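Read off the chains here:
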Amino acid sequence: MTDDLVQRAHWGDLEGQNWAALVRLSLEAKDEELSASSAKRQPDQASDSGTKWRPATGRDIKSREEQEKDARRFVESRGGRHVYTYEEPDTSAWKRKRVRQPDGTISYRVIRPVFEGALEDLKRGTTPDGQRLDGLIVYDIDRLTRDNRHLEDAIEVVENFRRPIIDITGTLDLLTDNGRTVARLLVTVANKSSADTARRVRRKHQALQQAGIPTGSTRPFGYKDDKRMLDPKEAAALRKAVERILTGAPPGRSQPTGTSRASPRRGATGGARRP
């Protein structure tokens with residue numbers, strides 16, 4: 001039996017090996033996020049079978065607990081041990097952020113410290129709590145990355161450090177030359193899907209804003225949770241505040257009609273002045 005971990009993983013032999021799971025949850029465009037690994041049939045457009053193929057939405061992505069449970073079951077069914085879980089909550093594998101490089105130049109990178117830390121641990125062969133680490137497992141290729149640069153980092157670990165990275169659904173194969181080529185194509189498609197989704201969401205928000213409908217994650221004061229229907233009490237309070245501003249009244253509680261604020265020098269009008 002070979003001692004090459006990559007070759008053994010390719011054969012499905014994880015006997016005696018220690019594996020870690022990488023689970024990632026992303027709330028980015030959660031109602032429209034596309035998964036490059038799952039598939040659904042929709043009956044709205046015709047094909048040979050009267051349906052069309054499209055990637056599944058983000059609602060099909062399993063929860064953190066389900067991803068870890070499936071990874072543990074997969075590894076143990078092949079003789080291995082699940083010894084650690086790298087957890088990435090609310091992390092985008094596509095969206096780039098502006099970062100300053102050590103030489104002072106500006107670049108745009110996908111920021112995923114947990115993912116990068118997992119790859120470094122895999123190179124060393126040690127988990128953060130000191131256990132031996134032989135391989136990394138994810139639910140599918142979409143949970144690993146949607147960024148070509150990060151995919152190449154993962155391929156480097158497999159090819160040069162001979163540490164396997166596998167998935168459960170069978171969409172990810174970094175263990176063979178042909179599999180790595182297919183993985184590059186899938187990540188490119190997933191990257192484009194994310195870009196298309198971001199563009200659609202951005203255009204939708206712009207259209208809503210032009211129609212006077214608030215957008216964003218926080219409910220504006222004066223609106224209900226759907227951000228479209230007015231809240232009667234809050235809207236009334238806003239109207240009163242606007243009226244006071246337009247009439248030049250000072251900010252604060254509104255006064256009853258026909259009354260005015262009390263003078264700070266009540267003693268001058270005959271009233272007793274408080275100490």
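Residues numbered from 1 in each chain as written. Predicted model: local features only at pLDDT ≥ 70, side-chain atom pairs only at ≥ 80, totals over all residues. Heavy atoms only, no water.

Engineer: How would you explain the nonpolar core if you had to name every residue and give the values?
Structural biologist: In terms of nonpolar packing, the biggest core is built from 33 residues, with L136, I137, L144, I165, L172 and L174 touching the most fellow members. Excluding its chain neighbours within four sequence positions, the residues that come into contact with I165 are L119, L122, L136, L144, A154, V158, L172, L174 and L175. (Core = buried A, V, L, I, M, F, W, Y, C linked by side-chain atoms within 4.5 Å. Buried < 20%, exposed > 50% of the residue type's maximum accessible area, 1.4 Å probe, protein only. Contact = heavy atoms within 4.5 Å.)

Engineer: Which residues make up unusual backbone geometry, and what values go with them?
Structural biologist: Its identity is not glycine, yet R162 carries a phi of approximately 55°, on the positive side. Within the secondary structure layout, R162 lies in the loop between α5 (148-161) and β8 (165-167). (Helix = DSSP H or I, 4+ residues; strand = E, 2+ residues; numbered from the N terminus.)

Engineer: So, the pattern of salt bridges: which residues are in play, and what are the values?
Structural biologist: Taken as a whole and judged by the stated rule, the model has 16 salt bridges. Among the salt bridges present, the one from E88 reaches R112, with a minimum N-O distance of 2.6 Å. Of this pair, E88 sits in strand β4 (residues 81-88) while R112 sits in the loop between β6 (106-110) and α3 (113-124), placing them 24 residues apart in sequence. On the basis of relative accessible area, E88 is assigned to the buried category, the value being 1%. A salt bridge links R180 to D177; the shortest N-O distance between them is 2.6 Å. (Salt bridge = Lys/Arg side-chain N within 4 Å of Asp/Glu carboxyl O.)

Engineer: Can you break down the pairing of strand β1 (residues 18-24) residue by residue, with the values?
Structural biologist: By the criterion of burial, β1 is predominantly enclosed, with seven of the seven residues buried. Residue alternation in β1 divides its side chains into two sets, N18, A20, L22 and R24 and W19, A21 and V23, and both sets are buried.

Engineer: I'd love a proper account of the environment of R143, names of residues and values included.
Structural biologist: Here R143 shows up in helix α4 (residues 141-144). Here the alpha-carbon distance between R143 and Q67, two residues 76 residues apart in the chain, equals 9.7 Å.

Engineer: An account of the packing of α3 against α5 is requested, with residue identities and associated values reported.
Structural biologist: Orientation of α3 relative to α5, taken along the N-to-C sense of each, is 10°, at an axis distance of 10 Å. If you check the angle between α3 and α5, you find them roughly parallel. Residues F115, E116, L119, L122 and K123 of α3 lie in contact with α5, whose contacting residues are H150, D153, A154, E156, V157 and F161. Its residues assigned to classes, the contact of α3 with α5 comprises six nonpolar, one polar and four charged. (Axes fitted to C-alpha atoms, helices over the stretch in contact; angles between N-to-C directions. Parallel < 35°, antiparallel > 145°, perpendicular 65-115°, else oblique. Nonpolar A, V, L, I, M, F, W, Y, C, P; charged D, E, K, R; others polar.)

Engineer: Describe the environment of R162, with residues and values.
Structural biologist: Using a relative accessible area of 36% as the deciding quantity, one classes R162 as partly exposed. Polar side-chain contacts of R162 include one of 3.0 Å to the side chain of D4. (Polar contact = N/O pair within 3.5 Å; in protein donor to acceptor, adjacent residues only side chain to side chain.)

Engineer: Please give an account of helix α2 (residues 64-76) that cites residues and values.
Structural biologist: Residue pairs spaced three or four apart in an α-helix point in one direction, given the helix's 3.6 residues per turn. Taking 1.5 Å per residue, 13 residues should reach 18 Å; α2 reaches 18 Å between its end C-alpha atoms and fits that length. All buried positions along α2 are accounted for by R64, Q67, E68, D70, A71, F74 and V75. Buried positions in α2, seen along its axis, are confined to an arc of 165° and lie on one side of it. Opposite the buried face of α2, by more than 90 degrees, sit the exposed residues E65 and K69. Looking at the buried side of α2, the elements it contacts are β1, β4, β7 (135-138), α4 and β8. (Expected span 1.5 Å × (residues − 1). Arc of directions from axis to C-beta.)

Engineer: Can you lay out the packing of aromatic side chains for me, pointing to particular residues and giving the numbers?
Structural biologist: Inspection of the entire model under this criterion finds one aromatic pair. Between Y84 and Y86, the aromatic rings sit 4.8 Å apart at their centres with planes inclined by 65°, giving edge-to-face as the arrangement. Using a relative accessible area of 24% as the deciding quantity, one classes Y84 as partly exposed. Overall, the relative accessible area of 5% leaves Y86 in the buried class. Positioned over the ring face of F74 is R78, at 3.7 Å from the centre of the ring. (Phe/Tyr/Trp six-rings, centres within 6.5 Å; stacked < 30°, edge-to-face > 60°. Lys NZ or Arg CZ within 6 Å of the ring centre and 35° of its normal.)

Function-wise, these values are silent; they only describe arrangement.
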